[in-house]
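# Close look at the chain arrangement
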Amino acid sequence: MPEALADAELKIAGKKCRIRSIIYHPSGLKFFTKFLTSQYAEESIEYWNKVRKYRKWAISKNVEVVEDLKAIQLQAAKIASKYVRHDADKKVNISNDMTRKILEIVDRGMADAATFLESEEEVVTLMSRDKLQLFKNSKEFQILMDIVGTYEVDVTTMTKGGKKRGGSLIEIKLHDTIQGIMSPTRDTRAGTA
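Here's what I pulled together on the structure shown here.

Cut-offs used in this document
- Residues numbered from 1 in each chain as written.
- Predicted model: local features only at pLDDT ≥ 70, side-chain atom pairs only at ≥ 80, totals over all residues.
- Heavy atoms only, no water.
- Phe/Tyr/Trp six-rings, centres within 6.5 Å; stacked < 30°, edge-to-face > 60°.
- Helix = DSSP H or I, 4+ residues; strand = E, 2+ residues; numbered from the N terminus.
- Core = buried A, V, L, I, M, F, W, Y, C linked by side-chain atoms within 4.5 Å.
- Buried < 20%, exposed > 50% of the residue type's maximum accessible area, 1.4 Å probe, protein only.
- Contact = heavy atoms within 4.5 Å.

Applying the stated criterion across every chain, the model contains eight aromatic pairs. Considering the side-chain rings of Tyr54 and Trp57, the 6.1 Å spacing of their centres and the 45° angle between planes classify their relative orientation as tilted. With Tyr54 and Trp57 both in helix α4 (residues 42-59), this residue pair falls three residues apart, about one helical turn.

Further remarks concern the nonpolar core. Across soluble globular proteins, you tend to see nonpolar side chains buried next to one another. Ranked by internal contacts, the top residues of the largest apolar core, which has 44 residues, are Phe32, Tyr47, Trp48, Val84, Phe116 and Met127. Once residues lying within four places of it in the same chain are set aside, the contact partners of Val84 are Tyr47, Ile79, Lys91, Ile94, Thr99, Ile102, Leu103 and Phe116.

Turning our eyes to something else, we now look at unusual backbone geometry. Although it is not a glycine, Tyr40 sits at a positive phi angle of roughly 55°. Here Tyr40 is to be found in the loop between α3 (26-38) and α4. Tyr40 gets classed as exposed once you look at its relative accessible area, which sits at 73%.

Below, the discussion takes up the environment of Ile45. Note that Ile45 resides in helix α4. Judged by its relative accessible area of 2%, Ile45 falls in the buried class. Residues Ile45 and Val124, 79 residues apart in the sequence, show an inter-C-alpha distance of 8.2 Å. Ignoring any residue separated from it by four or fewer positions in sequence, one finds Ile45 in contact with Ile23, Leu29, Phe32, Thr33, Leu36 and Met127.

Here is the structure:
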C-alpha cells in the first residue's frame, strides 16, 4: 500500500522525501507530471503510470482464457510502440538492453504482467536522479507541500514529562545521565548520588 504511506512521508520528510512518496501521492503525481511537462520530460512519468496500470490490469486477467491473453499482448504491444520502440512517439530513456529485452518479449507474444517491471524501476531511478531535486526546488513542489501540509515540531511537541521526544532511547538515557551528574540530587534509578 505505497499510496497510504505517501502522504505521511511527504508530511514528515518534506524536502527530504523520496520520489516514490511523490509519485504514489495523487496530488504529488499531478504536480510532478506538471513539472516534468514544463521540462519537456513528461514521457517518463506517463510511461511509469501506464506500465503500472498495465501491470495491475494484467494481473487481474486469466492467461488461460485466450481472449485475456490476446488482450494482454495487444496492450503490451501498444505500450511498446508508444514508449519503447526506437521510433516511438514518446521514447523513454531506458537502457538499450532493457529496450531489447522488452521488445523480444512483446514481439514473441510472451508479454505478461511483469514485462515492463524492470523498466518501471529504471525509469523511477532515472527520474529520481535527473529530476527530483529540480522538482523539490520548483513552485509545483511548494504548492504540493502547501496542500499536503507538514507535521510541526516545537517545544510543546518535543517535550512530555520533561523528557525529549523524537530522539532515540540512547539520547534520552544520555540526557538523564548528564542531568544526574550535573544535579546534586540523588538519581534513584541508578542508585547513585
